[in-house]
Amino acid sequence: MKDQAEALRLRIQQMSGKNSPKTMAVVSGKGGVGKSNFSLNFSLSLASRGYKVLLFDMDVGMGNIDILIGQSASYSIVDYFEGKKTLTEIVSKGPNSLHYIAGGTGLSRFVEMDKSVHSKFTEDLTGLLSDYEYILFDMGAGVTKDTVHFILSVDEILVVTTPEPTSITDAYAMMKHIHMNDPSLPFLLIVNRVHSEKEGMETFKRLKMVLKRFLNREVIEFGMIPDDKAIHQAVTKQTPFIFNEKAPAARALQQMTSQFEARQFESISDKPKTHFVTKLRRFLFER
């Protein structure tokens, strides 16, 4: 498994280039669906396989990645924008060699800054991202004018929902909003807190049906995570549930990561992609 993953990692590097990390935004239509928990544990699962991963906590005012890890980040993105620290200095180290940037509070001030600050941020971001293979942005629930630029700049969107009707409706609304701005962005759907495989498949079916009917587009079934008491225990203990290898949720996530690796290898295209920072810069300076 490890040799295969290493070979795959090297193959991806050869085809995509060191300076072109895969960027993903993890979103949800509503809060309380386990989005940040998924972001953290999926990032840790990737990092455990030898990938260089950066998790960027963009949950404005509600950032909790460091809390879920059981750490207290010394600095956050706020320290960068207040000029106290460089972008490299606010990167914290977590388990499995995972790197992350804490969200802190006051991030909404970002959109109010002038173009010189935006320019410096995108320049610094270019240098930082080139050190990683995967960048995950854990976005706040819903989508706002402040965060949509980041979402539209990534390569793929990971959408977290639950089988609850309100969660399904809100997830569709989120995907519709993104689709109206960029219909080419791929959606990878995660159904969290399923009580049975049947329930998870029904959720996939409902969302795929409405997306096809009203938006005429497809969604990738990324996977489902069971409603596992081990997750609740892990949150309480501030220990990622992925470390409890016997937990059904951990096994499900590891399987999803393996499938993700295989799909990354198979879906690599010769068609050049627009770099994340290039797209972000365009949104920031043309709005």
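Residues numbered from 1 in each chain as written. Predicted model: local features only at pLDDT ≥ 70, side-chain atom pairs only at ≥ 80, totals over all residues. Heavy atoms only, no water.

Draft legend 1. Layout of the packing of aromatic side chains. Scanning all chains against the criterion turns up 14 aromatic pairs. Centroid distance Tyr 51 to Tyr 134: 5.2 Å. Interplanar angle 85°. Geometry classified as edge-to-face. One end of the pair, Tyr 51, is in the loop between helix 2 (35–48) and strand 2 (53–58); the other, Tyr 134, is in strand 5 (residues 134–139), with 83 residues separating them in the sequence. A relative accessible area of 4% places Tyr 51 in the buried class. For Tyr 134, a relative accessible area of 3% corresponds to the buried category. (Phe/Tyr/Trp six-rings, centres within 6.5 Å; stacked < 30°, edge-to-face > 60°. Helix = DSSP H or I, 4+ residues; strand = E, 2+ residues; numbered from the N terminus. Buried < 20%, exposed > 50% of the residue type's maximum accessible area, 1.4 Å probe, protein only.)

Draft legend 2. Quick peek at the pattern of salt bridges. Under the criterion given, the structure shown has 6 salt bridges. Here Arg 49 makes a salt bridge to Glu 261, at a shortest N to O gap of 2.8 Å. Taken together, the positions of Arg 49 in the loop between helix 2 and strand 2 and Glu 261 in helix 10 (residues 248–267) put the pair 212 residues apart, joining distant regions of the chain. (Salt bridge = Lys/Arg side-chain N within 4 Å of Asp/Glu carboxyl O.)

Draft legend 3. Representation of the pairing of strand 5. Where burial is concerned, most of strand 5 is hidden: 6 out of the 6 residues are buried. Burial along strand 5 is two-sided: Tyr 134, Leu 136 and Asp 138 facing one way and Ile 135, Phe 137 and Met 139 facing the other are all buried. Where strand 1 (residues 22–27) and strand 5 come together, 5 bridges link them in parallel fashion. Looking across to strand 5, one finds that Thr 23 is bridged to Ile 135. Pairing of strand 2 with strand 5, which is carried by 6 bridges, proceeds in the parallel orientation. For Asp 57, the partnering residue across the bridge sits in strand 5 and is Asp 138. (Pairing = 2+ DSSP bridges.)

Draft legend 4. Looking closely at the sheet that holds strand 7 (residues 187–194). Pairing is mixed across the open sheet formed by 8 strands, whose spatial order is 3-4-2-5-1-6-7-8. Since the sheet does not close on itself, it has two edges, and those belong to strand 3 (91–93) and strand 8 (220–226), each with one partner. Going across the sheet, the axis of each strand differs from the next one's by a mean of 25°, ignoring polarity. Across the sheet, helix 7 (residues 165–181) touches strand 1, strand 6 (156–161) and strand 7, and the angle it forms with strand 6 is around 165°. Contacting strand 6, strand 7 and strand 8, helix 8 (residues 197–215) runs over the sheet at an angle of about 150° to strand 8. (Axes fitted to C-alpha atoms, helices over the stretch in contact; angles between N-to-C directions. Contact = heavy atoms within 4.5 Å.)

Draft legend 5. Broad picture of the confidence of the model for the protein. This prediction gives the protein a mean pLDDT of 84; 83% of its residues lie at or above 70. Below pLDDT 50 for its whole length, residues 11–17 participates in 8 contacts with residues either more than four positions away or in separate chains. Contacts for the low-pLDDT stretch residues 268–272, under 50 throughout, to residues beyond four places or in other chains number 2 contacts. (pLDDT = per-residue confidence, 0-100.)

Draft legend 6. Local environment of the side chain of Asp 228. Structurally, the position occupied by Asp 228 is in the loop between strand 8 and helix 9 (229–237). Lacking a salt bridge, the buried Asp 228 has Lys 229 as its closest oppositely charged neighbour, with an N-O distance of 7.1 Å. When residues no more than four places from it in sequence are discounted, the contact partners of Asp 228 are Ala 247, Pro 248 and Ala 249. (Lys, Arg positive; Asp, Glu negative; His and termini not counted.)

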